[in-house]
Structures are given as structure tokens and as C-alpha cells.
Amino acid sequence: MNPSEWFSEVSDVLWPGQCFSVKIKKVLHEERSKFQDIKVFESESHGTVLVLDGIIQCTERDEFAYQEMISFLPLCCHPSPKKVLIVGGGDGGVAREVVKHPLVEEVHQVEIDDRVVELSKKYLPFMACGFESPKLKLTIGDGFEYMKQREGEFDVIITDSSDPIGPAASLFQESYFGLAKRALKPNGIICSQGGTFWIDQKHVRETLDHCRKHFPVVGYGVANVPSYPSGQIGFFIASTNDQTKLSEPATTFTDKEVDEMKLRYYTTEIHRTAFTLPRYAAKYLYDEK
């Protein structure tokens, strides 16, 4: 990458025939870690941008929409989310949001790539500030192996992964959802990054089906994030409690409480509408095959 050039997010596997581009203002860092290619640059329009293996993970301009929704959707679906596990999320954004929830007492995070954490602390401090909370304990390691050693420990598990290629591919498989279920306490909730039905309905439906094999209540919520492919991203959310109604939050917030937590996207009203999908998507994802 060179200053004054454009970064284009090209993937013939994930979104063939299209790409999202931003103009580079200044290259901040480039390296190859043990797990992936990492790039950080300052853009003309979206502030600081983090790129892993050629795919944008977050931009300073709109990251809050993703971080708040992947965090507060599951947290507010649970009546008492005291103990939370974050798998991935090396930029610190999800941790930043999870610790805001008034009922959360402790947060455990496992991230495989320590370089993402260190570079985020240096170049993305507005996100990496999440690592500073006394509620948080960070472990550098493999999320699969971490959960194998923890049965019935967590109220909520949030998987903040990159896309289903490379080191994150295993986080979208049926075996992962089974493992996550075993790591949950009774009435536990999981939430995972879920791609977008605008580009790959088949992947979204298949992952929902993997989840349905282990959880009685499974849903797909959405958020608008302009720098992600199609400008929208979804979240797989599931509960071990068959009475859970995902679209009706167990915890609600007033406008004053939302402002005190410095939330810019999530509200109780946004939560309720996040699960309302376009008719074609709802039919494809939920109708019996």
C-alpha cells in the first residue's frame, strides 16, 4: 500500500464481482503475523482502518455500529449476563462495549493473535480502550481449546470473528456451536458475526442450520455498517432457553441510560427491529426446506 492510492477489498471467494474501496491517506503499519497479514492505514474518508488478510475489519467512522450490536443484542437478551466470554475481538471494540452493560461483572476474552491486540492499542486506542477495564481478563490463545476446558461457565458468549476463511473458518462450523453450548450456563446466549444475506444467503442459512442443531431458539439480527460488504452485517444469536424471545430485550434502557453509556447505535427500539428482515430473506432463512 502507498499513500494517495486506493485500498480495494477484493475477494473472489467471499464477494465475487464486487469490492469496497477507500482512499489511503497514510500507511501506518504493515506486517505478517504468525496467523495473518495485518495492515493499518489512515483513510481519506473513514479514519483509521484495520485490515486482516485483505479484508476490512473495522473503520474509525462506523465501527461503533458493529461493536454495539454484536455486544448489546445478546447481553440484553439475557436477564442477568454476569459472566461473559468474548472469542476473538483483538481490536478491543467488543470488550469496550460489553463492560458498559450494568449487569456484567466479569469478562473473559480469548484472542489468537497477540499482534492484533498490540497494534490496536497503538493505532486504534478508541477501540483498544476496552482492554483497560478491570472487569476484563485477556488470554492469548485458541478459542476452541479455551472453551473445551470450560463447561457451564458463561452466561453469554460473543464470537467476534473475521470472515469464514483462514483462521476464523472453524468458528462457523457445527462443532463450534456445540462447544459453545457446553460452555454456557443454563439460559445461556451466544452471538456470532453472521455475514450478510445480500451476498451469501447460502452461507447464512447453513450456519443458522448448524446453530439449530444445538439450540432451541435461533435468530438472525442485522445492523447497518457502511464499510462492510453490502453496507449491512448480520449476527447469529441463539439461546438454550426455549422461552427466550430474541426480539424482546430482557433489559431495556432509557434514552438517558443510552447516553450515559455513550451508545451511538444501539437502543431498545433498534434491538426490537433488528430481527425484522426483508420478506425474501426471512423466507429463505427461516422457512422449512
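Note that the coordinates shown come from a computational prediction; the quantities given were computed from them, not determined experimentally.

Parameters and conventions
Residues numbered from 1 in each chain as written. Predicted model: local features only at pLDDT ≥ 70, side-chain atom pairs only at ≥ 80, totals over all residues. Heavy atoms only, no water. Axes fitted to C-alpha atoms, helices over the stretch in contact; angles between N-to-C directions. Helix = DSSP H or I, 4+ residues; strand = E, 2+ residues; numbered from the N terminus. Parallel < 35°, antiparallel > 145°, perpendicular 65-115°, else oblique. Left-handed = near helix turned anticlockwise from the far one by under 90°. Contact = heavy atoms within 4.5 Å. Nonpolar A, V, L, I, M, F, W, Y, C, P; charged D, E, K, R; others polar. Core = buried A, V, L, I, M, F, W, Y, C linked by side-chain atoms within 4.5 Å. Buried < 20%, exposed > 50% of the residue type's maximum accessible area, 1.4 Å probe, protein only. UniProt positions renumbered as here; feature names shortened; annotations may be inferred. Polar contact = N/O pair within 3.5 Å; in protein donor to acceptor, adjacent residues only side chain to side chain. Pairing = 2+ DSSP bridges.

Let us look at the packing of helix α7 (residues 201-212) against helix α10 (residues 279-286). For any two helices packed against each other, the geometry is given by the interaxial angle and the distance between the axes. Packing of α7 against α10 leaves a shortest axis separation of 9 Å and a crossing angle of 45 degrees. When the axis of α7 is compared with that of α10, the two are oblique. For the pair α7 and α10, the crossing hand works out as right-handed. On α10, the residues that touch Q201, K202, V204, R205, L208 and R212 of α7 are Y280, Y284, L285 and Y286. The residue makeup of the contact of α7 with α10, split by class, is six nonpolar, one polar and three charged.

Moving on to the nonpolar core. In this structure, M69, L73, V98, F235, I237 and Y266 are the most contacted members of the largest nonpolar core, which totals 42 residues. Residue assignment for this core shows that the elements contributing at least two residues are α1 (63-77), β6 (83-88), α2 (93-98), β9 (154-160), β10 (184-193), β11 (217-224) and β12 (232-239). Contacts of Y266, omitting those with residues within four sequence positions, involve E68, M69, F72, L73, C76, P249, F253, V258 and H271. Grouped together as the second largest cluster of nonpolar side chains are 29 residues, L85, M147, V218 and A238 included.

To continue, consider the UniProt feature "active site" (unreviewed entry) in the chain. UniProt records the feature "active site" (unreviewed entry) for D160 in the present numbering. Along the chain, D160 turns up in strand β9. Dropping the residues within four chain positions of it, D160 is found in contact with Y66, Q67, I70, V87, G88, G89, D91 and V94. Polar side-chain contacts of D160 include one of 2.6 Å to the side chain of Y66.

By the secondary structure assignment, D37 is in strand β3 (residues 37-43). Along the primary structure D37 and G54 are separated by 17 residues, whereas in three dimensions their C-alpha atoms are 7.4 Å apart. Excluding its chain neighbours within four sequence positions, the residues that come into contact with D37 are E31, R32, V51, L52 and D53. Side-chain polar atoms of D37 contact the side chain of K39, separated by 2.5 Å.

For strand β4 (residues 48-52), the tally of buried residues reaches five of five residues, placing the bulk of the element in the interior. By the alternation rule, side chains of β4 split into T48, L50 and L52 and V49 and V51, which are all buried. Bridge count for β3 against β4 is five bridges, and the pairing is antiparallel. Residue F41 lies in a different strand from β4, and its bridge partner there is V49.

As for its placement among the helices and strands, P74 is situated in helix α1. Residue P74 is classed as buried on the basis of its relative accessible area of 0%. On a C-alpha basis, the gap between P74 and F20 in space is 29 Å, while along the polypeptide they are 54 residues apart.

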